[in-house]
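# Residue-level structural notes
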Number of protein chains: 2
Amino acid sequence: MSEAIYGSTNPKEAVDKDGIQRFGSVIELDTEKEAYYRELHANVWEGVQAKIHECNMRNYNIFVAPIAGKKYLFSFFEYIGTDLEGDMGKFPQDEETLRWWKETDPCQKRLPGTPEGEQWFGLERVFFQA
Amino acid sequence: MSEAIYGSTNPKEAVDKDGIQRFGSVIELDTEKEAYYRELHANVWEGVQAKIHECNMRNYNIFVAPIAGKKYLFSFFEYIGTDLEGDMGKFPQDEETLRWWKETDPCQKRLPGTPEGEQWFGLERVFFQA
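Please read these numbers as outputs of a predicted model, since none were measured by experiment. (Residues numbered from 1 in each chain as written. Chains lettered and ligands numbered in written order. Predicted model: local features only at pLDDT ≥ 70, side-chain atom pairs only at ≥ 80, totals over all residues. Heavy atoms only, no water.)

## Some points on the interface of chain B and chain A
Each partner contributes to the interface: chain B provides 52 residues, whereas chain A provides 51 residues. Buried surface at the junction of chain B and chain A, summed over both partners, amounts to about 4500 Å²; 60% is from carbon and sulfur atoms. Broken down residue by residue, the surface that chain B buries against chain A is led by Arg38, Phe63 and Gln129 of chain B, which jointly contribute 16%. There are two salt bridges connecting chain B and chain A. With a shortest N-O distance of 2.9 Å, Arg38 of chain B and Glu124 of chain A are connected by a salt bridge. Taken together, the connections running from chain B to chain A amount to 36 residue pairs in polar contact (both at pLDDT 80 or more). Every element with two or more residues in the side of chain B that touches chain A is listed here: β1 (21–29), α1 (34–42), α2 (46–54), β2 (57–67), β3 (70–79) and β6 (124–129) of chain B. Here the element with the most residues in the side of chain B that touches chain A is β2 of chain B; it accounts for ten residues. Partitioned by chemical class, the residues of the side of chain B that touches chain A number 28 nonpolar, 14 polar and ten charged. (Contact = heavy atoms within 4.5 Å. Buried area = accessible area lost by both parts, 1.4 Å probe. Salt bridge = Lys/Arg side-chain N within 4 Å of Asp/Glu carboxyl O. Polar contact = N/O pair within 3.5 Å; in protein donor to acceptor, adjacent residues only side chain to side chain. Helix = DSSP H or I, 4+ residues; strand = E, 2+ residues; numbered from the N terminus. Nonpolar A, V, L, I, M, F, W, Y, C, P; charged D, E, K, R; others polar.)

Shown next as structure tokens:
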């Protein structure tokens, strides 16, 4: 386990100077369900998109990474609100989002060490240049 | 190998509607050199930062991902220029960048399948919501 080292291009603050918080996270993709995962994400349900927007998530990207014979999903998004916990807490209260997760969760395999109640494994950032 | 599926939240076009191209990529991090990698990236040399900016790269983030007993670096950045090849071609002509790579390359292990002449493995995006 390596210690965090902070500096001009790795600020200690969670919120960047432009007021945005940037998040990277990862989860394994079940390759047997990859086609369905891609199908779902090519046209994410409008209600799900609306909730993401309402909860102040922007610039949301998901990539597929083939690593050592497996596949992983790497996500990046920006949070532009001021109540991260409150906004994130809205998702499990949204019927449409819960229906969506019923489709997407089985396509994913949570990584060992992912905190209880979370689906994606949050990554530590080591560099940022605006 | 799964086929790309395009749609409203996975546009076929390389350039997003806001004129920005978004890139995700991955490489293995040599855990024995992790502390030095973190030290370098906490305070990236000013000349290197200037070249990145000049070459129209913005919102550049690197995260560390612990996966299956190894560590990987995930990067996300935006390209806001109109000559990707030309801009990317400037890096290997920059003395400061070459000196930088001499420090950072030994901290990284290229993934099998990474194209000749490239360091990071470029990822396929499967979802985007602005």
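## A short note on α2 of chain B
Working note: α-helix, 3.6 residues per turn, so residues spaced by three or four point in the same direction. All names here are of chain B. Of all the positions in α2, only Val48, Lys51 and Ile52 are classed as buried. The buried residues of α2 occupy an angular sector of 100 degrees when projected down its axis, which confines them to one face. Phi turns positive, to about 70 degrees, at Asn56, one or two residues after α2. (Buried < 20%, exposed > 50% of the residue type's maximum accessible area, 1.4 Å probe, protein only. Arc of directions from axis to C-beta.)

## What about the pairing of β1 of chain B?
All names here are of chain B. Extensive coverage of β1 is indicated by the burial of eight of its nine residues. Sheet topology note: the β1/β3 ladder contains nine bridges and is antiparallel. Bridging from a neighbouring strand, Glu28 pairs with Tyr72 of β3. Bridge analysis of β1 against strand β5 (residues 121–122) gives two bridges, and the strand direction is antiparallel. Bridge assignment links Ser25 to a residue of β5, and that residue is Gly122. In this structure, β1 lies alongside strand β4 (residues 108–109), joined through two bridges in antiparallel fashion. Looking at β4, one finds that Leu29 is bridged to Gln108. (Pairing = 2+ DSSP bridges.)

## Section: the relation of the copies chain B and chain A
Related by rotation about an axis and a shift along that axis, the two copies of the chain form a pair. Least-squares fitting of chain B to chain A yields an RMSD of 0.0 Å, with the superposition described by an axial translation of 0.0 Å and a rotation of 180 degrees. Both chain copies can therefore be described as sitting about a two-fold axis. The fraction of interface residues of chain B whose copies in chain A are also interface residues reaches 98%, indicating that both copies meet through the same surface. (Least-squares fit on C-alpha atoms with pLDDT ≥ 70 in both.)

## Some points on the packing of helix α2 (residues 46–54) of chain A against helix α4 (residues 95–104) of chain A
When two helices pack together, their arrangement is given by the angle between the helix axes and by the axis-to-axis distance. Residue and element names in this part refer to chain A. One can describe the packing of α2 onto α4 by two numbers: an axis separation of 9 Å at closest approach and a directional angle of 115 degrees. Viewed along their axes, α2 and α4 form a crossing whose handedness is left-handed. Residue-level contacts link Gly47, Val48 and Lys51 of α2 to Glu96, Thr97 and Trp100 of α4. (Axes fitted to C-alpha atoms, helices over the stretch in contact; angles between N-to-C directions. Left-handed = near helix turned anticlockwise from the far one by under 90°.)

## A short note on the packing of aromatic side chains
Applying the stated criterion across every chain, the model contains 14 aromatic pairs over all chains. Judged by centre distance (5.1 Å) and plane angle (90 degrees), the rings of Tyr60 of chain A and Phe127 of chain B are edge-to-face. In this pair, Tyr60 of chain A is assigned in strand β2 (residues 57–67) and Phe127 of chain B in strand β6, connecting two distinct chains. Exposure class is identical for Tyr60 of chain A and Phe127 of chain B. Each is buried. Taken together, the ring pairs connect Phe63, Phe74 and Phe76 of chain A together with Phe63, Phe74 and Phe76 of chain B into an aromatic cluster. (Phe/Tyr/Trp six-rings, centres within 6.5 Å; stacked < 30°, edge-to-face > 60°.)

## Thoughts on the confidence of the model for chain A
When pLDDT is averaged across chain A, the result is 97; 99% of the residues are at 70 or more. Note on the complex model: pTM 0.97, ipTM 0.97. (pLDDT = per-residue confidence, 0-100.)

## Examining the pattern of salt bridges
Per the stated rule, a full pass over the model turns up 24 salt bridges over all chains. The shortest N-O distance in the salt bridge between Glu78 of chain B and Arg22 of chain B comes to 3.6 Å. Here the residue Glu78 of chain B occupies a position in strand β3, and Arg22 of chain B occupies one in strand β1, the gap between them amounting to 56 residues. A relative accessible area of 8% means that Glu78 of chain B is categorised as buried. On the accessibility criterion, Arg22 of chain B (10% relative accessible area) is buried. The structure contains a network of salt bridges with shared partners spanning Asp16, Asp18, Arg22, Glu78 and Arg125 of chain A.

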